[in-house]
Amino acid sequence: MTGVVVVLIVVAAWGGIVGLMLLGWRGRGRRQEQLLGAFPEVPATLGTRRLGPHTGLYVGSTIAPSWQDRVAVGDYGDRAIAEISRFDTGILIERTGANPIWIPDDQITAIRTERGLAGKVMTADGVLVIRWLLPSGTEIDSGVRADDKSIYPHWVKPLEQDGKKS
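Numbering of residues begins from 1 in every chain and follows the order in which that chain's sequence is written. Where local features are concerned, this predicted model is filtered to residues with pLDDT of at least 70; where side-chain atom pairs are given and counted, the filter is 80 or more; whole-chain, interface and lining totals use all residues. To obtain the side-chain values, all non-hydrogen atoms of the structure were used and water was disregarded.

## Quick word on the pattern of salt bridges
In plain terms, the rule: Salt bridge, as applied in this entry: a Lys or Arg side-chain nitrogen positioned within 4 Å of an Asp or Glu carboxyl oxygen. Numbering of helices and strands runs from the N terminus; a helix is a DSSP stretch of H or I covering at least four residues, while a strand is a stretch of E covering at least two. Three labels apply to residues, based on accessible area from a 1.4 Å probe with only protein chains included: buried if under 20% of the type maximum, exposed if over 50%, partly exposed otherwise in between.
Following the criterion strictly, the structure yields 5 salt bridges and no others. Its salt-bridge partner being Asp141, residue Arg112 comes within 3.1 Å of it at the nearest N-O pair. Taken as a pair, Arg112 in strand β5 (residues 108-114) and Asp141 in strand β9 (residues 139-146) lie far apart in primary sequence, 29 residues in all. Residue Arg112 is classed as buried on the basis of its relative accessible area of 18%. Each member of the salt-bridge network shares a partner with another, and the members are Arg112, Glu114, Arg131 and Asp141.

Below is the structure:
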């Protein structure tokens, strides 16, 4: 009988911890809603595709400059299998099972590679990170871990050629 009681206590404690984690995540999302505002909608016409589509894992978005302050609004902080493409007018991250992310070209402030983002750490230059401004004026970093890391120089180089800093 005591074994059953111990198991019930452990299960109840585990359920309580998971419940508190969910409450914390929802609270973070509510606090971030005003700071982040609405994300841009994907426009009807994207222009000519300049890069991609390249497959990989969308690792998440964080509030810049912190690589660990994950966005908790909507599904923008959720990891998902993704395709990333660069168009004349911006960057489109199409995510499986989640909303697409549209990053207008004039809102991109940097494209670089990093060791990690949103709690995901890997080898040097393992994540392609795009720093951009939301319409609210908040700067965020969105990261993709590409299946083929050899594409990263093609993503970083165009921004340098456009006269923007990366």
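There is more to say, and it comes next.
## Section: the packing of aromatic side chains
Heads up, the condition is: Note on aromatic contacts: the rings of Phe and Tyr and the six-membered ring of Trp form a pair at centre separations within 6.5 Å, being stacked when their planes are under 30 degrees apart, edge-to-face when over 60 apart, and tilted otherwise.
Evaluation of the coordinates by the stated rule reveals 2 aromatic pairs. These aromatic residues form a ring-pair network of at least three members: Phe39, Tyr76 and Trp132.

Interpretation in functional terms is not warranted from these geometric data alone.
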